[in-house]
Amino acid sequence: MSSYSITEPSSRQKWVAGSLVIAYAVITLLPLVWILTTGFKSPVDAIAYPPKVLFEPSLEGYVNLFTTRTRVSPEQLQALPPPATWYEEIVRNRDMVIAGPSRYGERFLNSVIIGFGSTFLSVFLGTLAAYAFSRFKVPLKDDLLFFILSTRMMPPIAVAIPIFLMFRTFGLSDTHLGMILLYTAVNISLAVWLLKGFIDEIPREYEEAALIDGYTRFQAFYKVVLPQAATGIASTAIFCLIFSWNEYAFAVLLTSGTAQTAPPFIPTIIGVGGQDWPAVAAGATLFLVPVMVFTILLRKHLLRGITFGAVRK
């Protein structure tokens, strides 16, 4: 009978492994840190060459992100009353005045409505479908599951024109409902396959015991299966939200004003003389926050969602 011994890694191996992890983290986070710092640069510092690492912080990018400005002559500027707020003072220093709010807030709200709305609908429908595939004898189950998965394999550009024509026919172009339905249709395959794996791991005996105690099938699903599948539901919601939040191609094609989300709007931010890179970086930084917070709150479930099925009992 053979015996196995577990050797503790040496201090050198730990040092090498730790160094590799730190290097990977630095390389991964460097673009995000650069975007974050660019949002606090002035327009001149943002396009300086060589790039400036040390600079005087400025909130001009965030002011430009949330406002529209108009250039005025020095005579008109002197005739105006003193600036009443700090952001008006920043704009005045550029020989401009604030003409009104920008549309970034509306686009950000559209992203919240469409992203979280499609995520909720995808997870809700995906949970019901996954439970049916896991617990009932569905005719042609394997074929249906493969068909659902195959919808995820198609590149968006392959169906862009048919979807555009269909949305125009049914009046869904540039509407919140249309984008929510579209993102739900794209995410449903991911939701079904992920959640089916989690529900398959829940022993059927739990439901059978609940049915014997007098529960209906729906009560057994609601009170027994759903709490057990909470980890899978949370991790699936994160993946669905990330896709809906970052999606660009359909947002450009199917929205232009009312339902336009932040991804196609941020690159169009123009400043004096060209692209306003501090405002673009500020918009990208703020756009990262909701998904980052949502992911951090559910990070334990996300780790479980990535590794589920790796160890089977």
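The structure presented is a predicted model; accordingly, all values stated were derived computationally and were not measured.

Novice: Any chance you could explain the overall build of the protein chain here in plain terms?
Specialist: Each helix and strand in the protein chain was counted, giving 16 helices and four strands. Seen through its principal axes, the protein chain has C-alpha atoms that stretch 85 × 65 × 40 Å. Split into buried and exposed, the 313 residues of the protein chain put 35% on the buried side. Counting only contacts in the protein chain whose residues sit at least 6 apart along the sequence, the fraction spanning at least 24 positions is 74%. For the protein chain, the accessible area works out to roughly 19,300 Å², and carbon and sulfur atoms hold 69% of it. Here the protein chain carries 24 positive and 20 negative side-chain charges, and the mean point of each set is 7 Å from the other.

Novice: Explain the packing of aromatic side chains to me, please; I cannot follow it from the model alone.
Specialist: The description of an aromatic ring pair rests on the distance of the ring centres and on the angle between the ring planes. The full count for this structure, using the stated rule, is 14 aromatic pairs. Taken together, a centroid distance of 5.2 Å and an interplanar angle of 45° make the contact between F40 and Y62 tilted. Here the residue F40 occupies a position in the loop between α1 (11-38) and α2 (43-46), and Y62 occupies one in helix α3 (residues 60-66), the gap between them amounting to 22 residues. Take Y62: its relative accessible area is 16%, and that puts it in the buried class. Ring geometry for F120 against F124: centres 6.2 Å apart, planes inclined by 15°, an arrangement best described as stacked.

Novice: Just checking my understanding: could you explain the layout of surface pockets for this structure?
Specialist: Any empty space left between the atoms is revealed when a probe the size of a water molecule rolls over them. In this structure, the largest pocket encloses a volume near 420 Å³. Residue assignment for the lining of the largest pocket shows that the elements contributing at least two residues are α7 (141-153), α8 (160-170) and α9 (176-200). Among the elements that make up the lining of the largest pocket, the one with the highest residue count is α9 (seven residues). Looking at the lining of the largest pocket residue by residue, the classes come out as 17 nonpolar, two polar and two charged.

Novice: Which parts of the structure should I look at to understand the environment of F164?
Specialist: Its place among the elements puts F164 in helix α8. Between the C-alpha atom of F164 and that of L254, which follows or precedes it by 90 residues, the distance is 6.6 Å. For F164, the residues in contact, after removing those within four places along its chain, are S173, L253 and L254.

Novice: When you look at the pattern of salt bridges in this model, what are you seeing that I'm missing?
Specialist: When their charged atoms lie close together, side chains carrying opposite charge are able to pair. Under the counting rule described, the total for this entry stands at seven salt bridges. Close ionic contact of R107 with E106 constitutes a salt bridge, the shortest N to O distance being 3.7 Å. Exposure remark for R107: the relative accessible area of 3% places this residue in the buried category. Sharing partners across several salt bridges, the network here consists of R103, E106 and R107.

Novice: Could you clarify how one ought to interpret unusual backbone geometry in this entry?
Specialist: With an omega of 0°, the peptide bond running from Y49 to P50 counts as cis. Along the chain, P50 turns up in the loop between α2 and α3. Even without glycine at this site, L140 takes up a positive phi of about 55°. On the secondary structure map, L140 appears in the loop between α6 (104-135) and α7.

Novice: Help me understand α8 in this model?
Specialist: Residue pairs spaced three or four apart in an α-helix point in one direction, given the helix's 3.6 residues per turn. A160, I163 and F167 are the residues of α8 that are buried. Burial along α8 is one-sided: seen end-on, the buried residues are contained in an arc of 70°. Turned more than 90 degrees away from the buried face of α8 sit I161, R168 and T169, all of them exposed. Among the structural elements, α9 and α13 (249-254) are those in contact with the buried residues of α8. Of the residues one or two after α8, G171 is the one with positive phi, at around 70°.

Conventions used here
Throughout, a residue's number is its position along its own chain's written sequence, starting from 1. A pLDDT threshold of at least 70 governs which residues receive local features in this predicted model, and a stricter bar of 80 or more applies before side-chain atom pairs are shown or counted, although totals over entire chains, interfaces and linings include all residues. Working from all heavy atoms in the structure, the side-chain values ignore hydrogens and water. Here a helix means four or more residues in a row that DSSP labels H or I, a strand means two or more in a row labelled E, and each is numbered from the N terminus. Only protein chains enter the area calculation, which uses a 1.4 Å probe; residues under 20% of their type maximum are buried, those over 50% are exposed, and those in between are partly exposed. In what follows, residue pairs with any heavy atoms lying within 4.5 Å of each other are defined as contacts. Note that accessible areas follow from Shrake-Rupley with a 1.4 Å probe, and for residues the cover is restricted to the protein chains shown. When charges are counted, Lys and Arg contribute as positive and Asp and Glu as negative, whereas His and the chain ends are disregarded. Where a charge lies is defined by one atom per residue type: Lys uses NZ, Arg uses CZ, Asp uses CG and Glu uses CD. When the centres of two rings from Phe, Tyr and Trp lie within 6.5 Å, Trp using its six-membered ring, the rings pair. Their planes under 30 degrees apart give stacked, over 60 give edge-to-face, and anything left gives tilted. Using a grid of 1 Å spacing that covers the protein atoms alone, one calls a set of points a cavity when a 1.4 Å probe fits there but cannot get out, and a pocket when the set is open and has protein on both sides within 12 Å along at least five of seven lines; lining residues are those with an atom within 4 Å of a point. Grid points are joined across faces, edges and corners, and a volume is the space filled by probe spheres set on the points. Amino acid classes used here: Ala, Val, Leu, Ile, Met, Phe, Trp, Tyr, Cys and Pro are nonpolar; Asp, Glu, Lys and Arg are charged; the rest, including Gly, are polar. By salt bridge we mean one thing: a side-chain nitrogen of Lys or Arg within 4 Å of a carboxyl oxygen of Asp or Glu. Directions from the helix axis toward the C-beta atoms define the arc.

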